[in-house]
Amino acid sequence: MSIDIDTARRVAHLARIAVKEEDLPALAGELSNILTFMEQLNEVDVDGVEPMTSVTPMRLKRREDVVTDGGYPEKILSNAPDAREGFFAVPKVVE
Amino acid sequence: MSDLTKLTIAEARDALRKGDTTSVELTEACLAQIEGAGALGAFVHKTPEIALEQATAADARIKGGDAPAMCGIPVGIKDLFCTKGVPSQAASGILEGFKPEYESTVTQNLFDAGTVMLGKLNMDEFAMGSSNETSVYGNAVNPWRRGNEDTALTPGGSSGGSASAVAADLCLAATGTDTGGSIRQPAAFTGIVGLKPTYGRCSRWGVVAFASSLDQAGPMTKSVRDAAIMLGAMAGHDPKDSTSADIAVPDFEALLTGDIKGKKIGIPAEYRMDGMPEEIEKLWHDGAEMLKSAGAEIVDISLPHTKYALPAYYVIAPAEASSNLARYDGVRYGHRARLAQGDGITEMYEKTRAEGFGHEVQRRVMIGTYVLSAGFYDAYYNRARKVRALIKKDFEDVFAQGIDAILTPATPSAAFGLGEMAEADPVQMYLNDVFTVTVNLAGLPGISVPAGTDKQGLPLGLQLIGRPWEEGDLLNSAYALEQAAGFVSKPEKWW
């Protein structure tokens, strides 16, 4: 599977990573090489095999549906690049 | 006492209990070594005040009797672990300035046992790499050198700083994490012991996530005994990690008898790779002979899907990473890009992530995004998960035949030079994980034990793979191998 420049641009945008237009051909080449490597998986007969969901068979624990933590907004915000009046601040989202 | 920093955990514990030294003395000796070892690039955030405070408390506890084995032992902590109030960056620019408000469960468990933290250790960015060359802090350097050359060698990755620090006696032991070989490969490259426990043995809570279904924390130590002691302090059920297993943690050290008579050790045919260096082949053969001399039965086995482990891993790990790393958005913590007039929230995300993530992390996030995207999910991601199920079944089949442990080389080569792989295809670098990655895909415990040196005097490791939850038995086999191999070489100090 070969990735063209348009696909590379689309994947970068989906991943929310800005990639300069002049860097797209190299990126497309790198991604194509890695995908070619992965294509070996097509040699394996996987008919009737269930995709693995959990490597260790275990039943997830249940607990009461109650609040167990929280109530410290100042700690939550302490590492934010921009926090104001108890909120995370971001550029304008709605025009 | 001289050479305090060269002590193993077990030796230091005994000396502390006898009153031959104190934790403060041990800690000060380590801090002095760290100060003089800048050239190794191992410690990236030093925490001397915390260390001395913890050491003082440990000394009081030891005096009071009944202190646990790790009490007063100075260790280094991989930068992937969140440590309260101390920079925890996963060696990434995107977490610049991040100081967690909480402590990871593994470090908390260590601190509860009285362990002393000397500082944070270098690593590949978000644990993505096999050479410690993707770190925002710069390279960690292997204390070992080839013969009389002064070429700087990689300590391996991603836990490169941990490996370098332990091998150079800057600390008694270190924590590592292993997603595809990140404990075992650097341990092999630096002549130390590295253990990846069974998936679920150590809590992942507070460990910066790379690929959640594969990540496990484990000890990196100077001996198998130390790995047993330290794992005991790190492990245990944690309600904050739903994949943490609620099963008892045995006294691993007490299980080290060195008696492996009648144990069945499997030698998998598929691990004999084309072009494998003769030295690795010989080391593997010698290792099997040693275990045989110790009374084990050597059995040829087959793990037929081995060849597909790397491509399956390089679908699953980036897929999980692309999801886990979505949280680095420039809003809640770390770096936010400077925005231009009129930039909206999408530009903020895209610029922040382009500036904050290094090249390898960007590449893996994009690969992961692609294999999870509409139209490709079944072809790549689901197929890889099916192949993963087959890889796990390969191991289940040989364990069902009565195999107790599997012996393989730990790495396909000795440590290589920093920069030597710069021009290579990323896939070439991925091949470093060829012997270790199967273990993560199957969730099994695996340990790397130093077993010899190559022609240039560089350490080489052997890997033993055990049954799930039977780290005790695995450590005992590793202990027998360690005794037989008698690896005692140390790097000559040049730093």
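Thresholds, definitions, all that
Residues numbered from 1 in each chain as written. Chains lettered and ligands numbered in written order. Predicted model: local features only at pLDDT ≥ 70, side-chain atom pairs only at ≥ 80, totals over all residues. Helix = DSSP H or I, 4+ residues; strand = E, 2+ residues; numbered from the N terminus. Rg over C-alpha atoms; globule rule 2.2 N^0.38 Å. Buried ≥ 20, exposed ≤ 12 C-beta atoms within 10 Å, placed from the backbone. pLDDT = per-residue confidence, 0-100. Contact = placed C-beta atoms within 7 Å. Nonpolar A, V, L, I, M, F, W, Y, C, P; charged D, E, K, R; others polar. Pairing = 2+ DSSP bridges. Right-handed = clockwise from strand over helix to strand, strands pointing away. Axes fitted to C-alpha atoms, helices over the stretch in contact; angles between N-to-C directions. Parallel < 35°, antiparallel > 145°, perpendicular 65-115°, else oblique. Expected span 1.5 Å × (residues − 1). Core = buried A, V, L, I, M, F, W, Y, C linked by C-beta atoms within 7 Å.

What follows covers the overall build of chain A. Along its length, chain A carries three helices and two strands. Mapped from its N terminus to its C terminus, chain A presents α and β elements in the order α-α-α-β-β. Taken against the 2.2 N^0.38 rule, which gives 12 Å for 95 residues, the C-alpha radius of gyration of chain A at 22 Å runs more than 25% over that of a compact globule. In terms of overall dimensions, chain A has C-alpha extents of about 55 × 45 × 25 Å along its principal axes. Every one of the 95 residues in chain A was classed for burial, and the buried ones make up 16%.

Before going further, it helps to spend a moment on the confidence of the model for chain A. Mean pLDDT for chain A: 93, with 98% of residues reaching 70 or above. Highest mean pLDDT in chain A belongs to helix 1 (residues 5–14) of chain A (97); lowest belongs to helix 2 (residues 24–38) of chain A (94).

All right, on to the interface of chain A and chain B then. The interface of chain A with chain B comprises 37 residues on the first partner and 56 residues on the second. For the side of chain A that touches chain B, the secondary-structure elements that each account for two or more residues are helix 1 and helix 2 of chain A. When residues in the side of chain A that touches chain B are grouped by element, the largest group, six residues, is from helix 2 of chain A. Among the residues forming the side of chain A that touches chain B, the class breakdown is 25 nonpolar, five polar and seven charged.

This brings us to the pairing of strand 3 (residues 116–121) of chain B. All names here are of chain B. By the criterion of burial, strand 3 is predominantly enclosed, with six of the six residues buried. In this structure, strand 1 (residues 43–46) lies alongside strand 3, joined through three bridges in antiparallel fashion. Note on strand 3: the bridge partner recorded for K46 is G119. As paired elements, strand 2 (residues 74–78) and strand 3 share five bridges and run parallel to each other. By the bridge assignment, K78 is partnered in strand 3 with L121. Note on the crossover from strand 2 through helix 4 (residues 105–112) to strand 3: the handedness is right-handed.

Residue and element names in this part refer to chain B. In this chain, G157 is followed by S158 through a cis amide linkage whose omega measures 5°. Notably, D66 is not glycine yet its phi reads approximately 35°, a positive angle. Note on placement: D66 falls in the loop between helix 3 (48–63) and strand 2. The phi angle at W469 is positive, at roughly 70°, despite the residue not being glycine. By the secondary structure assignment, W469 is in the loop between strand 11 (459–466) and helix 15 (471–485). The class of W469 is partly exposed, set by 19 C-beta atoms lying within 10 Å.

Detailed reading of the predicted coordinates is not advisable wherever pLDDT falls low. Averaged over every residue, the pLDDT of chain B is 96; the share at 70 or more is 100%. Of the two predicted TM-score estimates for the complex, the pTM is 0.97 and the ipTM is 0.96.

Any two packed helices are characterised by the angle at which their axes cross and by the distance between the axes. Following both chains from N to C, one finds helix 2 of chain A and helix 9 (residues 309–324) of chain B inclined at 130°, their axes separated by 8 Å at the closest point. With respect to each other, helix 2 of chain A and helix 9 of chain B are oriented oblique. Facing helix 2 of chain A, whose interface residues are I34, F37 and M38 of chain A, helix 9 of chain B presents P311, Y314 and V315 of chain B. Taken together, the residues of the contact of helix 2 of chain A with helix 9 of chain B sort by class into six nonpolar, no polar and no charged.

Residues and elements named next belong to chain B. Tracing the backbone through its elements, the reader meets T47 in the loop between strand 1 and helix 3. Sequence separation between T47 and H335 is 288 residues; the distance between their C-alpha atoms is 23 Å. Filtering out sequence-adjacent residues up to four positions away, T47 remains in contact with V86, M117, L118 and G119.

Three- or four-residue spacings in an α-helix give side chains the same orientation, since the helix completes a turn every 3.6 residues. All names here are of chain B. Spanning 13 residues, helix 2 (residues 23–35) covers 18 Å between terminal C-alpha atoms, matching the ideal 18 Å at 1.5 Å per step. Looking only at helix 2, the buried set comprises S23, L26, T27, A29, C30, L31, Q33 and I34. Buried residues belonging to helix 2 abut helix 1 (9–18), strand 1, helix 3, strand 2 and strand 3.

Residues and elements named next belong to chain B. Counting residues in each nonpolar core, the largest one holds 171 residues, and the members touching the most others are V75, C171, A312, V315, L464 and L475. Here the element with the most residues in this core is helix 9; it accounts for 10 residues. The residues contacting L464, other than those within four sequence positions of it, are A405, I406, L407, G446, I447, V449, L474, S477, A478 and L481.

This paragraph deals with the sheet that holds strand 5 (residues 193–196) of chain B. Residue and element names in this part refer to chain B. Read from one edge of the open sheet, 11 strands run 1-3-2-4-6-5-10-11-9-7-8, paired in mixed fashion. In the strand order of this sheet, the two ends are held by strand 1 and strand 8 (297–301), each with one partner. Neighbour-to-neighbour, the strand axes of this sheet turn through a mean angle of 30°, independent of strand direction. Looking at chain direction, strand 5 and strand 10 (residues 446–453) are connected through three bridges and run antiparallel. Bridging from a neighbouring strand, G194 pairs with S448 of strand 10.

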